[in-house]
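# Observations on the model geometry
Here are the chains, one letter per residue:
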Amino acid sequence: MSSKLICAGNWKMNHGPEVTNAFLKDFASAVSISERSNFALFLPALTLHQLSGNELLEGLNWGAQNIHWETSGAFTGENSAAVLKEMKATHVLVGHSERRLLFNETNEDTQKKMQTAAQVGLTPVICVGETLDERKAEKTLDVICEQLRIALKGWDFIHTFWVAYEPVWAIGTGEVARSEQVEEAHKALKTQLEQIFPGKSEKVPVLYGGSVKPENARELGAQPHVNGFLVGGASLKVESFVSIWRQGQEVD
Ligand code: PEP
């Protein structure tokens, strides 16, 4: 795996076509083609077509924030993985905590979505994370390892995937996990990956997400088992998004 950190942006339900267009133009001038493979953007489904075939953004990884586990059919309002692939998307988020908490998605749903992503050739980004109650009850490592284990049931390692550790209590709250908490969780996830796929865990990037900003990216990026970031709020502006990546590369 490249030693460069990955910086992925999850815009959630933000930015219409006009702001998206301006962002993408500015991003294309701020980040060279050779740097772009270190970035990923997860836009709302309604503006994903602005990334599809966009020559300005050669090399960028991108995709949807969610897919259905079926690739077509009577599923009003859902995103098809097959259509995303046809649009030339590369990645897709699965199991984001907002999907789990607000839309009742289970670990089993996440596992089915993983299989569908692999089937069409998209790289899924499995999001795992504990709630504040689970952390207080000292269940963090059990919860996140179980989420990962279930999501990877039946997974064939010929397909690529990324993992994002996102403590629920740190998402959109401004409260960032301490670097030692992040490192502990990432190390446990890497150990879990190593148990499932012996000798291969180094190939799987594990990103941290939860109130990442330019001010804390350097310290978080310096943790040995942190391979990058999944950024919500601070990915909405080119300046902060790119600065997180640049700060994250700095080694003390
Ligand atoms: C997220 O939504 O994945 C996220 C990490 O959000 P924020 O950076 O705003 O906490």
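Described below are features of the structure shown in this document. Quick caveat: nothing in here was measured; it's all calculated off a predicted structure.

## Points about the overall build of the protein chain
Broken down by element type, the protein chain carries nine helices and eight strands. Relative to the 2.2 N^0.38 estimate, which gives 18 Å for 252 residues, the radius of gyration of the protein chain is 17 Å and therefore close to what a compact globule would have. Here the protein chain holds 252 residues, and 54% of them are scored as buried. Expressed as a percentage of contacts within the protein chain between residues at least 6 apart in sequence, the contacts between residues at least 24 apart total 72%. Roughly 11700 Å² of accessible area belongs to the protein chain as shown, and the carbon and sulfur atoms make up 51% of that amount. Of note, the protein chain has its 24 positive side-chain charges centred 2 Å away from the centre of its 31 negative side-chain charges.

## Some points on helix α6 (residues 140–151)
Residue pairs spaced three or four apart in an α-helix point in one direction, given the helix's 3.6 residues per turn. Across its 12 residues, α6 extends 17 Å between first and last C-alpha, which sits within 8% of the 16 Å expected from 1.5 Å per residue. Residues T140, V143, I144, C145, Q147, L148, I150 and A151 constitute the buried set of α6. On the buried face of α6, the contacting elements are α3 (97–102), α4 (107–120), β5 (123–128), α5 (132–136), β6 (162–165) and α7 (179–196).

## What about the layout of surface pockets?
Each pocket or cavity is described by its volume, and for the largest pocket that value is around 490 Å³. In terms of residue class, the lining of the largest pocket is made up of 10 nonpolar, nine polar and four charged. Roughly 220 Å³ of internal volume is contained in the second largest pocket. Around the second largest pocket, the lining is made up of 17 residues, and of these R100, G129, E134, V143 and Q147 lie nearest the centre. When residues of the lining of the second largest pocket are traced back to their parent elements, those giving at least two are α3, β5 and α6. When grouped by side-chain class, the residues that make up the lining of the second largest pocket number five nonpolar, seven polar and five charged.

Conventions adopted
Residues numbered from 1 in each chain as written. Predicted model: local features only at pLDDT ≥ 70, side-chain atom pairs only at ≥ 80, totals over all residues. Heavy atoms only, no water. Helix = DSSP H or I, 4+ residues; strand = E, 2+ residues; numbered from the N terminus. Rg over C-alpha atoms; globule rule 2.2 N^0.38 Å. Buried < 20%, exposed > 50% of the residue type's maximum accessible area, 1.4 Å probe, protein only. Contact = heavy atoms within 4.5 Å. Areas by Shrake-Rupley, 256 points an atom, 1.4 Å probe, with all protein chains shown as cover. Lys, Arg positive; Asp, Glu negative; His and termini not counted. Charge placed at Lys NZ, Arg CZ, Asp CG, Glu CD. Expected span 1.5 Å × (residues − 1). 1 Å grid on protein atoms, 1.4 Å probe; cavity = no way out; pocket = protein on both sides within 12 Å on 5 of 7 lines; lining within 4 Å. Points joined across faces, edges and corners; volume = space filled by probe spheres on them. Nonpolar A, V, L, I, M, F, W, Y, C, P; charged D, E, K, R; others polar.

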